[in-house]
Amino acid sequence: MKADKHIHKEIINRLVKDFQFEEQNGYLRKGICPACHKKELFTSLANPWVIKCGRENKCGREILAKEYYSDLFNNWSERYIQSPASPHAAADAYLEHARGLETARIGGAYSQESYHSGGMGSATIRFSLPGGAWWERIIDKPERFDRKANFKGTYAGQWWICPSLPLEQQPEIWIAEGIFDALSLIQNGIAAVSIMTAGNYPERALKELAGLYKGKALPKLVWALDNGQAGEKAILRHVKRSRDEGWKAGAALPSESGSGVDWNDLHLRGKLTQRHLKTYRYNGALLLAGDAREKALLMFEHSERQEFHFEHGSRLYWFKLDIERHMRAVDRILGGDRTADE
């Protein structure tokens, strides 16, 4: 994340005061964790945006500076003044400091506009959608209003795509809900688009995409919507429909248990590495498991635990691998019994 000197200095001062940190070799260390109350909290002096508890297995608390000190991140247009030389000053600052995104990589994808209601006003960051529609995020103290964002026009059947992303060259495309989620994935090397809301199946956009791949294999679609009942039900519907239409389709979820984090949260935490993505694909595979047996085998392959409980279809199951019985079955198969499945 590109640092703003004022915000950076203020965050450091508050962290030292609030958590009793000590400066050591470019880090703030020995802060008192608000969860476990041990002196294991730490963060980087250069990038104090995520504060972590070092007791990863016993606590693992993570604090986002933008959420803990939200007053420093909610009045962008007063601190970053719009001018002919910087027409998107507040929008740029919001993307860089609140969302951790490199604006140089997404220039031309947005503009700074304004929103007024009840005698109050705010700067907004606006993204154009197909057909003349647009979506904008209110960025100056949005809690004053009855909404955080505005739509104009219709986006049904379409998706938002970053202008600099060449979709026709991708072996795999992730489909996220929010624009900031899609941009977060893109900045971690993942081709991604935004369908704006979970229930919006991008029928028209997919037809246009298929036209770009005439004579070539279609890319795989990875439905990467938000955790929660609405997002997960939509993933199941969209995966089935896209497969029925001839697409290869899978899923990815930020959390197996619906923690509430989204792809932008994970980007800010530095958790969109290849190692982390493997876990998110596994979470998606669990959601798509057709029956309890399939889910149990996925969990066994992932953890290699021989016994565990799990939930599927609102029912609780117990998995146990009987090694002796398993080896007898293997011997039987190797001995010529070809009727058994894998």
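Let us look at the structure shown here. (Residues numbered from 1 in each chain as written. Predicted model: local features only at pLDDT ≥ 70, side-chain atom pairs only at ≥ 80, totals over all residues. Heavy atoms only, no water.)

### Focus: the packing of aromatic side chains
- Taken as a whole and judged by the stated rule, the model has 17 aromatic pairs.
- Seen in terms of ring centroids, Tyr 68 and Tyr 69 are 5.1 Å apart; in terms of plane orientation they differ by 90°. Their pairing is edge-to-face.
- The class for Tyr 68 is partly exposed, based on a relative accessible area of 40%.
- Overall, the relative accessible area of 4% leaves Tyr 69 in the buried class.
- With a centroid separation of 6.1 Å and 65° between ring planes, the pair formed by Phe 73 and Trp 76 is classed as edge-to-face. Taken individually, Phe 73 and Trp 76 each receive the classification buried, so the pair is uniform in this respect.
- The rings of Phe 73, Trp 76, Tyr 80, Tyr 94, Tyr 110, Phe 127, Trp 135, Trp 160 and Phe 180 are connected pair by pair, giving a single aromatic cluster.
- Directly above the aromatic system of Tyr 27 lies the positively charged group of Arg 29, at a separation of 4.6 Å from the ring centroid. (Phe/Tyr/Trp six-rings, centres within 6.5 Å; stacked < 30°, edge-to-face > 60°. Buried < 20%, exposed > 50% of the residue type's maximum accessible area, 1.4 Å probe, protein only. Lys NZ or Arg CZ within 6 Å of the ring centre and 35° of its normal.)

### A look at the environment of Pro 202
- With respect to the element layout, Pro 202 can be found in the loop between strand E11 (192-194) and helix H6 (203-212).
- A relative accessible area of 0% means that Pro 202 is categorised as buried.
- Sequence separation between Pro 202 and Gly 157 is 45 residues, and the spatial gap between their C-alpha atoms is 3.9 Å.
- The residues touching Pro 202, leaving out its near neighbours within four places in the chain, are Gly 157, Gln 158, Trp 159, Ile 195 and Trp 223. (Helix = DSSP H or I, 4+ residues; strand = E, 2+ residues; numbered from the N terminus. Contact = heavy atoms within 4.5 Å.)

### So, unusual backbone geometry
- Even without a glycine there, the phi angle at Gln 20 is positive, about 60°.
- Mapped onto the elements of the fold, Gln 20 is located in the loop between helix H1 (5-19) and strand E1 (22-24).
- Of note in this structure, Lys 30 is not a glycine but carries a positive phi near 60°.
- Inspection of the secondary structure assignment puts Lys 30 in strand E2 (residues 27-31).

### A word on the sheet that holds strand E4 (residues 50-53)
- Overall, antiparallel pairing links the five strands, which are arranged E1-E2-E3-E4-E5 in an open sheet. Each end of this open sheet is capped by a strand with a single partner; those strands are E1 and strand E5 (62-64). In this sheet, neighbouring strand axes are inclined to one another by 25° on average, regardless of whether the strands run parallel or antiparallel.
- The pairing of E4 with E5 spans three bridges and is antiparallel. Bridge assignment links Lys 52 to a residue of E5, and that residue is Glu 62. (Pairing = 2+ DSSP bridges. Axes fitted to C-alpha atoms, helices over the stretch in contact; angles between N-to-C directions.)

### Some details on the sheet that holds strand E10 (residues 172-176)
- Read across the sheet, four strands follow the order E11-E10-E12-E13 without closing on themselves; strand pairing throughout is parallel. Edge positions in the sheet fall to E11 and strand E13 (249-251), since each of these pairs with one other strand and no more. Taken over all neighbouring pairs, the strand axes of this sheet differ in orientation by 25° on average, direction set aside.
- Where E10 meets strand E12 (residues 220-223), four bridges bridge the pair, whose relative direction is parallel. When the sheet's bridge partners are listed, Ile 175 is paired in E12 with Trp 223.
- Its contacts with the sheet put helix H9 (residues 274-288) on E10, E12 and E13, and the angle it makes with E13 is roughly 110°.

### Regarding the pattern of salt bridges
- Evaluation of the coordinates by the stated rule reveals 12 salt bridges.
- We note a salt bridge from Arg 14 to Asp 71, for which the minimum N-O separation is 2.9 Å. Taken together, the positions of Arg 14 in helix H1 and Asp 71 in the loop between helix H2 (65-68) and helix H3 (76-79) put the pair 57 residues apart, joining distant regions of the chain.
- Overall, Asp 71 belongs to the partly exposed group, its relative accessible area being 43%.
- Among the ionic pairs, Glu 172 bridges to Arg 281, the shortest N-O distance being 2.6 Å. (Salt bridge = Lys/Arg side-chain N within 4 Å of Asp/Glu carboxyl O.)

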